[in-house]
Amino acid sequence: MSEPSPRPSSPPSSPSSTPRDRDAIADPWGARCPYAAGETWPARVDVHLADGVREEDVERWVPTASLLHSNGDAMDIAVCDGRVVGVRGRADDRVNRGRLGPKDLYAWQANASADRLTRPLVRDGDRLVETDWNTAMGRVVDRTRTLLREQGPSAIGFYTSGQLFAEEYYSLAAIAHGAIGTNHVDGNTRLCTATAAAALKETFACDGQPGSYGDVDHADVIALFGHNAAETQPVLWMRILDRLAGPTPPRLLCVDPRRTAVARAAVESGGVHLAPLPGTNLALMNGLLHQVIADDRIDHGYVDAHTVGFDELAAGVAEYPPGRVADICGLDAEEIRAAARLLGSAERLLSTVLQGFYQSHQATAAAVQVNNLNLVRGMLGRPGCGILQMNGQPTAENTRECGADGDMAGFRNWNNDAHVAELARHWNLDPLQIPHMAPPTHAMQMFRYVEQGTIRMLWVSATNPAVSMPDLARIRRILGQERLFLVVQDIFPSETARLADVVLPAATWAEKTGCFTNADRTVHLSDKAVDPPGDARADLDILLDFARRMDFRDADGRPFPAWHDAESAFDAWAASTAGRPCDYTGLSHATLRARASGVQWPCNDAHPDGTERLYADGRFWSAPDECESYGRDLVTGAPLEETEYRALNPDAKAVLKAAEFLPPRTAPDDEYPFALVTGRTIHHFHTRTKTGRTPELRDAAPEPWIECSATDARRCGLGDGDLADVRTAQGAVRARVRITETRDGVLFVPFHYGYWDTPAGDRPGDGEPGRAANETVPTDWDPVSKQPLFKIAAAALQRVPDQSGTAAPTAGSEGVR
Ligand SMILES: Nc1nc2c(c(=O)[nH]1)N[C@H]1C(S)=C(S)[C@@H](COP(=O)(O)OP(=O)(O)OC[C@H]3O[C@@H](n4cnc5c(=O)[nH]c(N)nc54)[C@H](O)[C@@H]3O)O[C@H]1N2
Ligand SMILES: Nc1nc2c(c(=O)[nH]1)N[C@H]1C(S)=C(S)[C@@H](COP(=O)(O)OP(=O)(O)OC[C@H]3O[C@@H](n4cnc5c(=O)[nH]c(N)nc54)[C@H](O)[C@@H]3O)O[C@H]1N2
Ligand SMILES: [Mo]
């Protein structure tokens, strides 16, 4: 194993940062470090080591960041005897100042689970049998060659992740787009941050997160739209809690149908919690903009200098007075006015948006209105004035910027021949080899093509669609087809791996080197700390091995891709970003290793220390020749032509776009009277392949549950802890009821629970209730971003009769207060 030279680890720099090992299940956010607006967030170093290991016993500390959410919490991995024995937060990192959340502290243990995939597997009839790399890769290469010969590149699809490293995505994009020439490349980022990207492309004509976590230190109002940060980005939430505990606390706005910890804090801060009916976000945003404009809380100077479209926006939202919006959203008009006053009186407004918007009805249109809100208030590019169209997954930013989601690497515009030619020069390929005649195929469409049989080989890496996609009965049918050749590259025998023809065992975080970028553009290097188990190999090595076996060549007949390891891949990636918004040319593995903190892109000669906020100078990447996208119609999703965009925005400003509210397609009715939303708990990550193998986290939330209000429970004859079925037209989930302060008419089910840890074959038969939330979620997506709508289904709730005994109510995130 090659030992990277150690980066300066972060010893406690002040008494307040003496490392502390807390019980992060009982105390998820730890002790407060109050601070005032404009001050530096104090350090607090969190640590957790395996039983019996003391800090002084640790042989090496290897720098990395968390791979269990998009926050990018920087930490050092503790290594003893070639094993990971714990983690410690990095006090000097800009993202977390030493803090770690529950998953950060415990989930590293999953790497050492006994059931890690250690050998490649190939299908032999009904069974998957162990084999060697030559045999497994031989099968993949044979099938690829046959399909290319018989059907051409569009018979092959790649479905990847938001959890690999930048070097891996860039290699995958080069192989799939460049060498194979298929347009069927997307990530599970389609399920996750497609709407974040789309909303930024609509407003700024280019992806790229404008804001910074540093804005929390300055804001006087922080608005969280469909974002349960307390559970999904606990370290960012600690920062907000520390401001709330300080002398000049911000006020919060929380928009969420559930009474989350964020909602409670909003009320306690003197701010507002709005609990709209699911699926009505756009109406609400239009109402808030209506009132902010009516109260003339507009920064006219900013709007005139830096935006186009204000008059159309004002005319559009004129139709949404608070009374009408209150009816649509199931709110009081006075609540809407109060929220508008809060937003209108802000001097430094930080807005964050996440899945409550991205995975609901009219997702992009609603997320764009948050951009509009900050723009009309002139709240962008100054300390405390920011927009965070959040990411969810740890490396989703890289999936997008490297082009592994089908976009062109470097936020290039597939619809601009000059951009395609530039990328082709970096790859030394003929531009015609890179598909760009049509928009990249999105994941939902790729699964449709697999269903219809035009895609015959699907290579799935680091994602578990058999649990995370909507309408699982359909997904199981699609992935289980005889005619499909399914390659699954994972670290565990997931529900998806069990359906595969070839399973490739991967090395993961701590076992491989690479970079990744969090939601506020902070790039961290994650160094290899220990060897992977058995024959498992880094995802990068698997991809490059495939390329060599396929004997891909560039225009001069040299092996393609031209790079051979993580460092050379990073250098190639960085070079390809020169002159683009996500400019990495000032970074390398060596420079990142030498720094005590992660660095925010763009980082180049002009900005050698990175860039805290985009658009501080009021200049955007929206010039027609520079932009990543010409935009779409917000209601229908129809793409704009280049000529239309040139007419709309000739002077490279930000675009204010209005959209009319349409009632959701799936609304509660007599048969299905509830609105069902699905989402997360603090203890688990996604399909629990890691957190379900971590004792502390598994035991904190061992089983799924159904949240509903006390009124709704009573109406359905249910008590806390009773077993019930949530049923939609798609399917059903059976779980115990947890009575919470969610609004009446709304049910919540966590989506983390699949079937890998239930007795074999314990999957629901058709029509039988299962435990995966996605049994119930219909196939539907946002017309602009193509992100599936996981948070809007019409459902019925029924007590399961003949319950034996009375089980205790589910323990767990009710403790998250
Ligand atoms: N603990 C934990 N943290 C995670 C993850 C995890 O699995 N576990 N995953 C990471 C990833 S990939 C992601 S994408 C993020 C997601 O992070 P979040 O978006 O914060 O999490 P969710 O629970 O999916 O949804 C957020 C909230 O949306 C609300 N909501 C539902 N419907 C509506 C609606 O119509 N309108 C509004 N305004 N709100 C609504 C829900 O009640 C929920 O509280 O978390 C990241 N962090
Ligand atoms: N109903 C409902 N469904 C949802 C959502 C929701 O809110 N509600 N949220 C959606 C969102 S935002 C997201 S992000 C998705 C997440 O959905 P998935 O991506 O399917 O969830 P994960 O469990 O994170 O799957 C990652 C897989 O990669 C494997 N893995 C981990 N590390 C590595 C590695 O280094 N290399 C390789 N090769 N494999 C690795 C893990 O074992 C796991 O099988 O779910 C979506 N689905
Ligand atoms: Mo996500």
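Please read all numbers here as calculations on a predicted model, not as lab measurements.

1. Some words on unusual backbone geometry
Phase 1: Each neighbour pair has its own omega, and for F560 with P561 the value is -10 degrees, a cis peptide bond.
Phase 2: The amide bond that connects W601 to the next residue, P602, takes the cis arrangement and shows omega of 0 degrees.
Phase 3: When you line up the elements, P602 lands in the loop between strand 20 (599–600) and helix 23 (642–648).
Phase 4: One non-glycine residue, Q362, lies in positive phi territory at about 50 degrees.
Phase 5: Although it is not a glycine, A652 sits at a positive phi angle of roughly 60 degrees.

2. Focus: the sheet that holds strand 4 (residues 83–89)
Phase 1: Ordered in space as 1-4-3-2, the four strands form an open sheet in which the pairing is antiparallel. The two strands at the open ends of the sheet, each matched to only one other strand, are strand 1 (47–49) and strand 2 (60–65). Mean inter-strand twist for the sheet, computed between neighbouring axes without regard to direction, equals 25 degrees.
Phase 2: When strand 1 meets strand 4, the two strands line up antiparallel, connected through three bridges. By the bridge assignment for strand 4, H48 is matched with V87.

3. Quick notes on the confidence of the model for the protein
Phase 1: Taken over all residues, the pLDDT of the protein has a mean of 95, while the share at 70 or more is 96%.
Phase 2: Taken as a whole, residues 1–6 scores under 50 in pLDDT and shows 10 contacts with residues more than four places along the chain or in a different chain.
Phase 3: Confidence drops under a pLDDT of 50 for residues 805–817, and excluding neighbours within four residues, the segment shows 33 contacts in the predicted structure.

4. A look at the site of ligand 1
Phase 1: Neighbouring ligand 1 are 33 residues, the closest being T232, D256, Q355, R680 and H684.
Phase 2: T681 is positioned with one of its backbone polar atoms (N or O) 2.9 Å from a nitrogen atom of ligand 1.
Phase 3: At a separation of 3.0 Å, an oxygen atom of ligand 1 approaches a polar backbone atom of H686.
Phase 4: Here ligand 1, which alone exposes 900 Å², has 100% of that area covered by the protein.
Phase 5: Those elements giving two or more residues to the shell around ligand 1 turn out to be helix 5 (229–232), helix 13 (355–358) and strand 22 (674–679).
Phase 6: At three residues, the largest contribution of residues to the shell around ligand 1 is made by helix 13.
Phase 7: Partitioning the shell around ligand 1 into residue classes produces nine nonpolar, 18 polar and six charged.

5. Regarding the pattern of salt bridges
Phase 1: For the structure shown, the criterion picks out 51 salt bridges.
Phase 2: Here K201 ties to E628 by a salt bridge, and the two come within 3.9 Å at their closest N and O atoms. Residue K201 is found in helix 4 (residues 194–204), and its partner E628 is found in the loop between strand 20 and helix 23; the two are separated by 427 residues along the sequence. Just as K201 is buried, E628 falls in that class too.
Phase 3: Between E451 and R474 there is a salt bridge, and its shortest N-O distance comes to 2.9 Å. Of this pair, E451 sits in helix 17 (residues 443–452) while R474 sits in helix 19 (residues 472–479); the two residues are 23 residues apart in sequence, bridging distant segments of the chain.
Phase 4: The partly exposed category is assigned to E451, whose relative accessible area is 27%.
Phase 5: Judged by its relative accessible area of 8%, R474 falls in the buried class.

6. A closer look at the UniProt feature "domain: 4Fe-4S Mo/W bis-MGD-type" (unreviewed entry) in the protein
Phase 1: On the UniProt side, "domain: 4Fe-4S Mo/W bis-MGD-type" (unreviewed entry) is annotated at positions that read residues 59–115 here.
Phase 2: For the annotated span residues 59–115, helix accounts for 9% and strand for 35% of the residues, and the straight-line distance between the end C-alpha atoms is 27 Å.

7. Thoughts on the domain arrangement of the protein
Phase 1: With domains assigned, the protein is organised as domain 1 (194–390 + 621–655) and domain 2 (674–815).
Phase 2: Between domain 1 and domain 2, the C-alpha centre-to-centre distance is 29 Å.
Phase 3: Each side of the interface is counted separately: domain 1 has 35 residues, and domain 2 has 23 residues.
Phase 4: Buried surface at the junction of domain 1 and domain 2, summed over both partners, amounts to about 2200 Å²; 55% is from carbon and sulfur atoms.
Phase 5: Looking at the side of domain 1 facing domain 2, the largest losses of area belong to E231, R258 and Q359, adding up to 31% of the total buried there.
Phase 6: The interface formed by domain 1 and domain 2 holds one salt bridge in total.
Phase 7: Here E707 ties to R258 by a salt bridge, and the two come within 3.1 Å at their closest N and O atoms.

8. Quick look at the nonpolar core
Phase 1: F225, W237, L253, W459 and F546 are the most contacted members of the largest nonpolar core, which has 159 residues in total.
Phase 2: In terms of residue count, the dominant contributor to this core is helix 3 (residues 166–180) (nine residues).
Phase 3: Not counting residues up to four positions away in its chain, the partners in contact with F225 are L253, V255, M285, L288, S351, T352, V353, L354, F357, V370 and L373.
Phase 4: By size, the runner-up hydrophobic cluster in this structure holds 29 residues, among which are M469, L499, A500 and Y755.

9. Observations regarding the sheet that holds strand 7 (residues 156–160)
Phase 1: Across the sheet, seven strands lie side by side as 6-5-17-16-15-7-8; this open sheet has mixed pairing. Each having just a single partner strand, strand 6 (127–130) and strand 8 (185–187) make up the two edges of the open sheet. Between one strand axis and the next, the sheet turns through 20 degrees on average, direction left out of account.
Phase 2: Across the sheet, helix 17 is in contact with strand 7, strand 8 and strand 15 (457–461); its angle to strand 7 comes to roughly 140 degrees.
Phase 3: Strand contacts of helix 20 (residues 539–550): strand 15, strand 16 (485–490) and strand 17 (502–505), with the helix running at about 155 degrees to strand 15, the strand carrying the most contacts.

So, how was this worked out
Residues numbered from 1 in each chain as written. Chains lettered and ligands numbered in written order. Predicted model: local features only at pLDDT ≥ 70, side-chain atom pairs only at ≥ 80, totals over all residues. Heavy atoms only, no water. Helix = DSSP H or I, 4+ residues; strand = E, 2+ residues; numbered from the N terminus. Pairing = 2+ DSSP bridges. Axes fitted to C-alpha atoms, helices over the stretch in contact; angles between N-to-C directions. pLDDT = per-residue confidence, 0-100. Contact = heavy atoms within 4.5 Å. Near = heavy atom within 4 Å. Polar contact = N/O pair within 3.5 Å; in protein donor to acceptor, adjacent residues only side chain to side chain. Areas by Shrake-Rupley, 256 points an atom, 1.4 Å probe, with all protein chains shown as cover. Nonpolar A, V, L, I, M, F, W, Y, C, P; charged D, E, K, R; others polar. Salt bridge = Lys/Arg side-chain N within 4 Å of Asp/Glu carboxyl O. Buried < 20%, exposed > 50% of the residue type's maximum accessible area, 1.4 Å probe, protein only. UniProt positions renumbered as here; feature names shortened; annotations may be inferred. Domains from an automatic or database assignment. Buried area = accessible area lost by both parts, 1.4 Å probe. Core = buried A, V, L, I, M, F, W, Y, C linked by side-chain atoms within 4.5 Å.

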